[in-house]
Amino acid sequence: VVLTQQGDEGGDGETRASVDPAVQAAIGVYTLQTVNGAGMPAVTVASPPATCAVVTDNATLTLTANGTGRNYEVTETSRTDCRIGGNTNFRSSTGGTWTVSGNTITFTANGDNFLLDAATLSGSTLSMTARPPHIDAGREAPRVNTVWRK
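My aim in this report is to walk through the structure given alongside it, one point at a time. (Residues numbered from 1 in each chain as written. Predicted model: local features only at pLDDT ≥ 70, side-chain atom pairs only at ≥ 80, totals over all residues. Heavy atoms only, no water.)

1. Overview of the overall build of the chain
Note the threshold: For the purposes of this entry, the term helix denotes a DSSP run of H or I that reaches at least four residues, the term strand denotes a run of E that reaches at least two, and both are numbered from the N terminus. For every residue, the accessible area obtained with a 1.4 Å probe (protein chains only) is divided by the maximum for its type, and the residue is called buried under 20%, exposed over 50%, and partly exposed between those limits. Two residues qualify as a contact provided that any one of their heavy atoms is within 4.5 Å of a heavy atom in the partner residue.
If you tally the helices and strands in the chain, you get 1 helix and 13 strands. Along the chain direction, N to C, the helices and strands of the chain fall in the order β-β-α-β-β-β-β-β-β-β-β-β-β-β. In the chain, buried positions account for 39% of the 150 residues. The long-range fraction of contacts in the chain, counting pairs at least 24 apart against all pairs at least 6 apart in sequence, stands at 42%.

Below is the structure:
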């Protein structure tokens, strides 16, 4: 990944901007691999305490960097597993900004859906705890341990 900006110097009109190696290592699309050690699909919110369990079928986390701006987006597809009543399929997404220091990535969310705690980057693998989306309004989802891979 090479970030460019318009320059006044001849040639092709572009000036190459240096990119922090830690940022460059982090940029990419990660796919959720496990939740609490279980492969996908996996239960992300158990019942009880939730009214219905939530099973996440898949999720992606995209980290981008443009100049000094660093943004992320999480998109996931889940379904409820209700013992009483109907089940619902849903897709949600959220985003925000991120920073990196060494091998630790810190996320600042724009909302309160699928909140990510600080992640540890090891090669192409991110490990972190997260609070996934659920259907019980007004209740905070319990944290789950997640592993994501590029």
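Text resumes after the structure shown.
2. Section: the pattern of salt bridges
For clarity, the cut-off: Salt bridges are counted wherever a side-chain nitrogen of Lys or Arg sits within 4 Å of a carboxyl oxygen of Asp or Glu.
The full count for this structure, using the stated rule, is 2 salt bridges. Across the salt bridge formed by Arg79 and Asp57, the nearest N and O atoms sit 2.9 Å from each other. Remark: Asp57 occurs in strand E6 (residues 53-66) and Arg79 occurs in strand E7 (residues 69-81); sequence separation between them is 22 residues. Assessed through its relative accessible area of 30%, Arg79 is described here as partly exposed. Among the residues examined, Asp57 registers a relative accessible area of 25% and is labelled partly exposed. Across the salt bridge formed by Arg143 and Asp117, the nearest N and O atoms sit 2.6 Å from each other. Here Arg143, found in the loop between strand E12 (125-131) and strand E13 (144-149), pairs with Asp117, found in the loop between strand E10 (115-116) and strand E11 (119-122); they are 26 residues apart in sequence, far enough to count as distant.

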